[in-house]
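Coordinates in review
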Amino acid sequence: MAKQKTSKAYIPTIGIECHVQLKTQTKLFAAVGNDAREAEPNSLISHICFGMPGALPVLNKKVVEYAMQMAFAFNTMPQKESYFERKHYFYPDLPKGYQITQLTKPIIVGGTVTIEVDGHKKDVQLNRVQIEEDAGKNTHPAGADYSLVDLNRAGTPLLEIVSDPELSSPAEAKAYARELYLLVRYAGVSDADLYHGNMRFDVNVSLSDQEGVLGTRTETKNLNSFKSVEKAVEFEIARQNKLLETGEKIVQETRGWDDAKQATVSQRGKEEAHDYRYFPDPDLPPIILNDDEISNAQKQLPPMPSEWRERLSKLTIDTSHIETLLEAELEVEGISYLSDIVARNEDIELAKILANWFVNIEIPLRRDESQQVNLDDPDTRRRLYDAAATLVANNKLSSTNAKALITTILVSGATPKNIEKYAEEQGLIQVSDEAEIAKIVADVLKENESAAVDVKNGEMKAIGFLVGQVMKASRGKANPQMAQVLIRKQLDIT
Ligand code: MN
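According to the domain assignment, the protein chain contains domain 1 (11-292), domain 2 (303-422) and domain 3 (434-490). Computed from C-alpha atoms alone, the centre-to-centre distance between domain 1 and domain 2 is 37 Å. Both faces considered, domain 1 and domain 2 share a buried interface measuring about 910 Å² in area, 59% of it formed by carbon and sulfur atoms. Summed over the shared surface of domain 1 and domain 2, the number is three salt bridges. Of the charged contacts in the structure, one is a salt bridge between E327 and R178, with a shortest N-O distance of 2.4 Å. Remark: the boundary between domain 1 and domain 2 carries five residue pairs in polar contact (both at pLDDT 80 or more). Here the side of domain 1 that touches domain 2 takes eight residues from helix α2 (residues 170-187), the largest share from any one element. A class-by-class count of the residues in the side of domain 1 that touches domain 2 yields six nonpolar, no polar and three charged.

Judged by how many residues are buried, strand β13 (residues 253-258) sits mostly within the fold: five of six residues are covered. Pairing analysis gives three bridges linking strand β12 (residues 217-223) to β13, with the strands arranged parallel. Paired with T218 across the strands is E253, a residue of β13. Regarding the hand of the β-α-β motif, the stretch spanning β12, helix α3 (residues 226-245) and β13 is left-handed. Taken together, the six bridges between β13 and strand β14 (residues 263-269) define a ladder with antiparallel strand orientation.

A few words on the pattern of salt bridges. Across all of its chains, the model carries 34 salt bridges by this definition. R153 is paired through a salt bridge with D134; the nearest N and O atoms lie 3.3 Å apart. On the criterion of sequence distance, the pair formed by R153 in the loop between β9 (148-150) and β10 (157-163) and D134 in the loop between β7 (120-133) and β8 (137-139) is long-range, its members being 19 residues apart. Under the relative-accessibility criterion, R153 is labelled partly exposed at 25%. Take D134: its relative accessible area is 6%, and that puts it in the buried class. A network of salt bridges, in which partner residues are shared, links R178, E179, R309, E323 and E327.

Before going further, it helps to examine the packing of helix α6 (residues 319-328) against helix α8 (residues 348-367). Following both chains from N to C, one finds α6 and α8 inclined at 40°, their axes separated by 10 Å at the closest point. Here α6 is positioned oblique relative to α8, judged by the angle of their axes. Remark: the crossing between α6 and α8 carries left-handed chirality. Contacts from H321, T324, L325, E327 and A328 of α6 reach α8 at A355, N356, F358, V359, N360, I363 and R367. For the contact of α6 with α8, a count of residues per class yields six nonpolar, four polar and two charged.

Let us now look at the packing of helix α9 (residues 378-393) against helix α10 (residues 399-412). A packed helix pair is summarised by two numbers, namely the angle formed by the two axes and the spacing between the axes. Contact geometry of α9 with α10 gives a least axis separation of 10 Å together with a crossing angle of 165°. By the criterion of interaxial angle, the relationship of α9 to α10 is roughly antiparallel. Two packed elements cross with a definite hand, and for α9 against α10 that hand is right-handed. On α10, the residues touching T380, L384, Y385, A388 and V392 of α9 are A402, L405, I406, I409 and L410.

Turning our eyes to something else, we now look at the side chain of E253. Take E253: it is sitting in strand β13. Residue classification places E253 among the buried positions, given a relative accessible area of 10%. A distance of 2.7 Å separates a polar atom in the side chain of E253 from a polar atom in the side chain of S266.

This part covers the sheet that holds strand β4 (residues 98-101). Whenever strands of a sheet pair, they do so through backbone hydrogen bonds, lying parallel or antiparallel. With respect to topology, three strands assemble into an open sheet ordered β4-β3-β15, the strand pairing being antiparallel. The open sheet is flanked by β4 and β15 (279-280), the only strands paired with a single partner. Where strand β3 (residues 85-88) lies against β15, two bridges are found, and the strand directions are antiparallel. Across the sheet, R86 pairs through a bridge with F279, a residue of β15.

Calculation notes
Residues numbered from 1 in each chain as written. Predicted model: local features only at pLDDT ≥ 70, side-chain atom pairs only at ≥ 80, totals over all residues. Heavy atoms only, no water. Domains from an automatic or database assignment. Buried area = accessible area lost by both parts, 1.4 Å probe. Salt bridge = Lys/Arg side-chain N within 4 Å of Asp/Glu carboxyl O. Polar contact = N/O pair within 3.5 Å; in protein donor to acceptor, adjacent residues only side chain to side chain. Helix = DSSP H or I, 4+ residues; strand = E, 2+ residues; numbered from the N terminus. Nonpolar A, V, L, I, M, F, W, Y, C, P; charged D, E, K, R; others polar. Buried < 20%, exposed > 50% of the residue type's maximum accessible area, 1.4 Å probe, protein only. Pairing = 2+ DSSP bridges. Right-handed = clockwise from strand over helix to strand, strands pointing away. Axes fitted to C-alpha atoms, helices over the stretch in contact; angles between N-to-C directions. Parallel < 35°, antiparallel > 145°, perpendicular 65-115°, else oblique. Left-handed = near helix turned anticlockwise from the far one by under 90°. Contact = heavy atoms within 4.5 Å.

Written out as structure tokens, the structure reads:
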């Protein structure tokens, strides 16, 4: 009898290396500008960037400060002693013939990044974080028989953040990438502009049919979005699964991501560390940190996402709202949704309403490219939200009209002295004048006799219809609770 082939369950293991460009004024070892996004090719270079004979690198202190802060962001301490090594390889975008990086003693060893997927929290251990310089950029113009080299990026300071292989699904890989992004942005050490390659992810994926034993891994390099991290992991798991099921071997190799095809593609065989002939850079002294420098870096670290999550959870704000707010906070300068909410921590209801309005009104409005927010006066913005909350609490503003009021002021940029008066002028204030609503109710009952009879006969569905008619007749301004009470009163039912 032929042996039946059974499908084995393979366990995926994922590790991620991430390169983050630090937002220092100048490069890692040279006093030239570091923000190459808008610069002409080869305009941000010096003899140090392309390793002229005799050029001596000088370490940028700010890079060390940023690295120290990230150690605390990763819940650990920076190493008191670390040093630089040369990693040798030849490539046209690396004219020195070596990259200055850290290997034996990096500035951060260990640390954790906490992720949450489907309500399940996981502390992902970091292996190491090293300081290193970036290479330049080669471009290959279509149809031309030459290539171009731009060295603006050569010597830009990077942190390479290496996780242990502890992630186990595409969703976890994506959550980890997003969390790293939030951490470097909240720490203020990087613009983390994914579009411009400020943050790049290399994902290592392997499958194994035995718990605790790692299979042969592939590394898919230079992913620049959370989505592509997720998709590349998903693709590699499926591809390797298929190979293993048909009895084929996984080749250890470097792969790339083809976004158009949504597939990983083989690029080259994997190098081993000894291929690079690492040795300590003789031009650079070791980085020795003292206790004062370390504690200063810790003090300078702004509130991290975990702290905001804790503060907002205490105000019983929904987890999904908190995550939206954490991301949106980074999208606009000059306002802080998180501080605005926390500033109202004496009044949990108000804080919750505010979070709700930010998530459902202001943030979508600012993200909508067809709309523009023109309100730039912080005082009006603060008064707007406070006034709107008070008006809603006093039944003077329906939630629909609160949205209209907030949107109108944000878009128009109006700065009214009295928000309530402005809402009234805009026809948004709810009519709670009993005599006025009673008159509308009487008219509505007269015009909708059959619905009125239905209500009298106990068909309570019809009462909703009548309230709707009152709202319509009042052009949305009647207080609906009051309308309902008056309908019952006039129909003589309780
Ligand atoms: Mn690297």
